[in-house]
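Here are the chains, one letter per residue:
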Amino acid sequence: MSQLRLLPSWLGARASRLLAPHDVQMFNRPSRSSGPPATFPSGKRGGSSSYMEEMYFAWLENPQSVHKSWDSFFRKANEEATCDPAQPPFPETRPAVSSRTETSKLVEDHLAVQSLIRAYQIRGHHVAQLDPLGILDADLDSFVPSDLITTIDKLGESSSLSLPSAAAVVCAASAFYDLREADLDKEFQLPTTTFIGGSEHTLSLREIIRRLESTYCQHIGLEFMFINDVEQCQWIRKKFETPGVMQFSSEEKRTLLARLVRSMRFEDFLARKWSSEKRFGLEGCEVMIPALKTIIDKSSEMGIENVILGMPHRGRLNVLANVIRKDLEQIFCQFDPKLEAADEGSGDVKYHLGMYHERINRVTNRNITLSLVANPSHLEAVDPVVQGKTKAEQFYRGDAQGKKVMSILVHGDAAFAGQGVVYETFHLSDLPSYTTNGTVHVVVNNQIGFTTDPRMARSSPYPTDVARVVNAPIFHVNADDPEAVIYVCSVAAEWRNTFNKDVVVDLVCYRRRGHNEMDEPMFTQPLMYKQIHRQVPVLKKYADKLITEGTVTLQEFEEEIAKYDRICEEAYGRSKDKKILHIKHWLDSPWPGFFNVDGEPKSMTCPATGIPEDVLTHIGEVASSVPLEDFKIHTGLSRILRGRADMTKKQTVDWALAEYMAFGSLLKEGIHVRLSGQDVERGTFSHRHHVLHDQEVDRRTCVPMNHLWPDQAPYTVCNSSLSEYGVLGFELGYAMASPNALVLWEAQFGDFHNTAQCIIDQFISTGQAKWVRHNGIVLLLPHGMEGMGPEHSSARPERFLQMSNDDSDAYPVFTEDFEVSQLYDCNWIVVNCSTPANYFHVLRRQVLLPFRKPLIIFTPKSLLRHPEAKSSFDQMVSGTSFQRVISEDGPAAQAPEQVRRLIFCTGKVYYDLVKERSSQGLEEQVAITRLEQISPFPFDLIKTEAEKYPGAELVWCQEEHKNMGYYDYISPRFMTILSRARPIWYVGRDPAAAPATGNRNTHLVSLKKFLDTAFNLQVFEGKTF
Ligand SMILES: Cc1ncc(C[n+]2csc(CCOP(=O)(O)OP(=O)(O)O)c2C)c(N)n1
Ligand SMILES: [Mg+2]
């Protein structure tokens, strides 16, 4: 019996209107336990009415015991009831059940119907028929929510089995709502939160249930009621509930059939021609092709001109062929192992390559550019990369709202649920400097990941639950119902265009073969695959449907198949004439005009990076000012700005000012600069302060860097979310879009880069070799042993150096352009600058080079404020440039033949060495040379340095432990350039497991120990090398 009946009836009716959606959801939440579902009404907390009733009785006893909103609600209701002679006076005693009137029954039944409608909207998807195989529940649970009146309910209860269906409905209903058989044909007023009535305002209960079932429990399962925005919920309800929304013209059906033909016959063709090749076929989810094409068509219709796609292996070749429309013969060429690659680099397997294609969208007749971003095997790693590239394309087109450029991300079910980078990427989706204004996600939910059953692969009901964190609606759809899929995709595209928010389409499908074409799936999924073997392909099912309803004839269908088969055969014939494979043809981000027609750099020179003195002065002045009026900054910051003004006057720079000057001068030259990472606006070490905050007006900020010149390029500096993998991937993607930008990612401390290791290994280090794609991203990695413990000390230089591709054993040929050609040949540049001026130059060189390479910079911490770590304008003015090696220029350099030891080092340890040398008075005996560019190794300059001090012992000194830092990288290269004629001795900390000690004292003791060794001129005497 409904608890609501215990309430005064005037209060019950009001309750239904006033209960917030949140309240309703909270108290209707289904049990997700694996046990049997709870039956209702079992306790007083079964539904919202009993909750309200509890509130009401609690309030009667003590008005203070309930929240003040309830207090005011009951008070107001009481006042109204007291004024209305028809209502009982208040307070009243608890009315008896028998006092129920016809009117109150009517109100209660309406309340029940409203609850029923809402129950379907919230939980209908749990019973939707989503699995084409009909064996698994898409939400991994056979639980049937008690407040739904479903076919399964009807059959599930033994007491209902013998009843005719309408009675069974009421039997099930009566358990929860106390509706009766006689109510089935009664008309009910429909609430404003449903559109099932179309133009009608009332419907019979029977029709209400029928329409709710058809909207929420058939082949589409909608999850959206968690969205906090009523307008957005209404929008979705309208799109799916309105009667007759899912109708297609015969033209649309024929297009859909033709697209399915292409999707299926492409896989068949590959299977026939290369039966033993891996291709990660799409069989079982062929509908993905029409699905993606619908999203693109619909988006193009709404003004989108550029779509950037990211996707994993499954069906990728099919997408290239039938969505991007890459020439088929180029795809088929990839299957020919004998073809010789025309491009440098090691290349990649065919199902990882990217693509870029501009064409006319045949449905809308508008131009559209499609690019599929190349990706590694590492699932989901490409997600943030696609988002970064999309953001950049939007930025360069001035498309702040994402009306011209959008991204689509395709995912596998196991990877979408399992990979953390998916979550990191979702969290970027609504941040001002990272949003792409909505992404359409498509999940190929084949209910398996390699050999793993989803029940062992995730703890969430659906693989898509991660999307709920950003309030993205999730549309689950049975992939064997192509029309439902197409409808869902078109709503998804409209959603993205309307609300600029993410949306997920979950294609619940199956995988007809093993993980790849060579795998035997029966080993591990015997029952599933028995069913799959019986499964009629979707193309046949849909063709039969259209033939039966007269939309196409069998002959037309067969002709469509023959036509596409012919296209494939002809392309196959042409592919056999190809002699050379061009990886260049698979470039996802061409940079028009940057390279010459052959794809080579326009010159091979390393430009001078110094700038005129007046430009330095101007930047220094702006960097020390507050360009906005009436803007009150913190007094501590005023001091910092005064310091900058003072330095500018004295024509010196510290680290932060040098960086300012590098960025500012590039902005002047029209180069967009973007710096992103955790807390980069202020700088982790409070040295940067690129964003000034008004101390009196909330969120009033000023970025002086954008006030340098009227026609400068824009500067973006943005604090990121607390993510490395996602954000570094994003910035890499951003840098991919254009060569005319300096894109930098800074780690909070250098060692945090290891949570983004996949982006470093799979994209930054190897991207060009695999995909002939240049990328000029800069990584700023704070590094240095400062006694701050194992975790804040080392940016792990050894890891980057170990992946550098310059040959340690090849004695180089010193051509005139050795410096630049070495840069051109390397996979990335690794530097550790010891002076602000050199940091300034290397940042500028990065953009002025005629090609792009990733740049890894180990940046200092204590040097940011070190009185010696300053540079003068003289080291930055026109004519000066980056110094790969900084030679000794003290007394030792005056009489090099007298020098007993030449210490090579890099980075901050230089200052410790200089101090120690001075305290020991060894300036004439010991020379110190700094290696600023570690990789590619400056063989030429090191040779010169060593030859300049013929009688000196050569020492490599580093503050890092021996098995870390630079030693393993520099040692064989020294050997090569010294022709093994002179040893290079190691001085530094002993090998260790942790990068640094947690004990400050131990840190200082070990520092002293190795500095002592560095200046102990006898220590290597008699030792053999
Ligand atoms: C990060 C990562 N871990 C492991 C793998 C190995 N692997 C390749 S495919 C695959 C299963 C993927 O399942 P799912 O995401 O459901 O895609 P499907 O193959 O079913 O389309 C696995 C584990 C990988 N490629 N990337
Ligand atoms: Mg899967």
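The following refers to the structure shown. (Residues numbered from 1 in each chain as written. Chains lettered and ligands numbered in written order. Predicted model: local features only at pLDDT ≥ 70, side-chain atom pairs only at ≥ 80, totals over all residues. Heavy atoms only, no water.)

## Some thoughts on the site of ligand 1
H313, R314, S377, D413 and N446 are the nearest of the 15 residues found near ligand 1. Within the backbone of S377, a nitrogen or oxygen atom sits 2.8 Å from a nitrogen atom of ligand 1. Residue L379 places a main-chain N or O atom 3.2 Å away from a nitrogen atom belonging to ligand 1. Counting residues per element, the shell around ligand 1 draws most heavily on helix α16 (residues 413-418), at three residues. When its residues are assigned to classes, the shell around ligand 1 shows five nonpolar, eight polar and two charged. (Near = heavy atom within 4 Å. Polar contact = N/O pair within 3.5 Å; in protein donor to acceptor, adjacent residues only side chain to side chain. Helix = DSSP H or I, 4+ residues; strand = E, 2+ residues; numbered from the N terminus. Nonpolar A, V, L, I, M, F, W, Y, C, P; charged D, E, K, R; others polar.)

## Remarks on the pairing of strand β11 (residues 503-508)
Among the six residues in β11, six count as buried, and that is most of the element. The side-chain alternation of β11 yields two buried faces, one formed by V503, V505 and L507 and the other by V504, D506 and V508. As judged from the five bridges shared by strand β10 (residues 474-478) and β11, these two strands associate in the parallel manner. Considered in β11, the bridge of I474 is made with V504. (Buried < 20%, exposed > 50% of the residue type's maximum accessible area, 1.4 Å probe, protein only. Pairing = 2+ DSSP bridges.)

## Some points on the sheet that holds strand β9 (residues 439-445)
With respect to topology, eight strands assemble into an open sheet ordered β3-β10-β11-β9-β8-β4-β7-β6, the strand pairing being mixed. Of all strands in the sheet, those with a lone pairing partner are β3 (220-223) and β6 (355-361), marking the two edges. Looking at each pair of strands side by side, their axes are set apart by 20° on average, direction ignored. Summarising the sheet, β3 and β10 pair through four bridges and their orientation is antiparallel. Bridging across to β10, G221 finds its partner in H476. Here helix α12 (residues 288-301) sits on the sheet in contact with β4 (306-310), β6, β7 (366-372), β8 (405-412), β9 and β11, set at roughly 165° to β8. (Axes fitted to C-alpha atoms, helices over the stretch in contact; angles between N-to-C directions. Contact = heavy atoms within 4.5 Å.)

## Describing helix α35 (residues 967-977)
The buried count for α35 comes to nine of 11 residues, which makes it a mostly enclosed element. Immediately beyond the C-terminal end of α35, within one or two residues, lies S979, with a positive phi of roughly 50°.

## Section: the environment of K870
Tracing the sequence through the fold places K870 in the loop between β21 (855-859) and β22 (871-872). Spatially, the C-alpha atom of K870 lies 9.1 Å from that of A658, the residues being 212 residues apart in sequence. The residues contacting K870, other than those within four sequence positions of it, are M647, V653, D654 and P836.

## Details of the pattern of salt bridges
In the structure shown here, the tally under the stated rule is 49 salt bridges. Between K105 and D109 there is a salt bridge whose closest N-O contact spans 2.4 Å. Linking K105 with D109, this pair stays in helix α5 (residues 102-123), spanning four residues, or about one helical turn. Both residues of the pair, K105 and D109, belong to the buried class. Note that K1008 is salt-bridged to D1012, the shortest N-O span being 3.1 Å. Here the residue K1008 and the residue D1012 both occupy positions in helix α36 (residues 1000-1014), the gap between them amounting to four residues, near one helical turn. Using a relative accessible area of 52% as the deciding quantity, one classes K1008 as exposed. Taking the relative accessible area as the measure of exposure, D1012 reaches 32% and is therefore partly exposed. When salt bridges with common partners are traced through the structure, they connect E267, R279, E283, R513 and E517 into a single cluster. (Salt bridge = Lys/Arg side-chain N within 4 Å of Asp/Glu carboxyl O.)

## Observations concerning the packing of aromatic side chains
This model, assessed by the stated rule, comprises 36 aromatic pairs. Here the aromatic rings of Y910 and Y911 are separated by 5.2 Å at their centres, their planes lie at 80°, and the arrangement is edge-to-face. Under the relative-accessibility criterion, Y910 is labelled buried at 14%. Connected via pairs of aromatic rings, a cluster forms that spans F904, F937, F939, Y969 and F974. We note R930 situated over the ring of Y910; from NZ or CZ to the ring centre the distance is 3.6 Å. (Phe/Tyr/Trp six-rings, centres within 6.5 Å; stacked < 30°, edge-to-face > 60°. Lys NZ or Arg CZ within 6 Å of the ring centre and 35° of its normal.)

## Section: the coordination of the magnesium ion (ligand 2)
Distances from the magnesium ion (ligand 2) to its protein donors, D413 (OD), N446 (OD1) and I448 (O), fall at 2.0 to 2.1 Å. In the primary sequence, the donor residues of the magnesium ion (ligand 2) line up as D-x32-N-x1-I. Taken together, the residues D413 in helix α16 and I448 in the loop between β9 and α18 (454-457) connect sequence positions 35 residues apart. Residue D413 is classed as buried on the basis of its relative accessible area, which comes to 3%. A relative accessible area of 5% means that I448 is categorised as buried. (Donors = N, O, S within 2.8 Å, 3.2 Å for Na, K, Ca; no water.)

## Some words on the sheet that holds strand β23 (residues 885-886)
Pairing in this open sheet of five strands is mixed, and the strands run β23-β25-β24-β27-β28 from one edge to the other. Lying at the two open borders of the sheet, with one neighbouring strand each, are β23 and β28 (984-989). In this sheet, strand β25 (residues 926-931) lies alongside β23 in antiparallel orientation, the contact comprising two bridges. Bridging from a neighbouring strand, V885 pairs with L931 of β25. Strands β24 (901-905), β25 and β27 (953-961) of the sheet are contacted by helix α33 (residues 909-920), whose axis makes an angle of about 170° with β25.

## Structural notes on unusual backbone geometry
Residue P936 is bonded to the preceding S935 through a cis peptide linkage, with omega at -5°. Turning to its location among the elements, P936 is positioned in the loop between β26 (933-935) and α34 (939-948). Residue N437 is not a glycine yet carries a positive backbone phi of 65°. Its location among the elements puts N437 in the loop between α17 (420-428) and β9. You will see that R980, though not glycine, has its phi angle at about 60°, which is positive. Judged by its relative accessible area of 57%, R980 falls in the exposed class.

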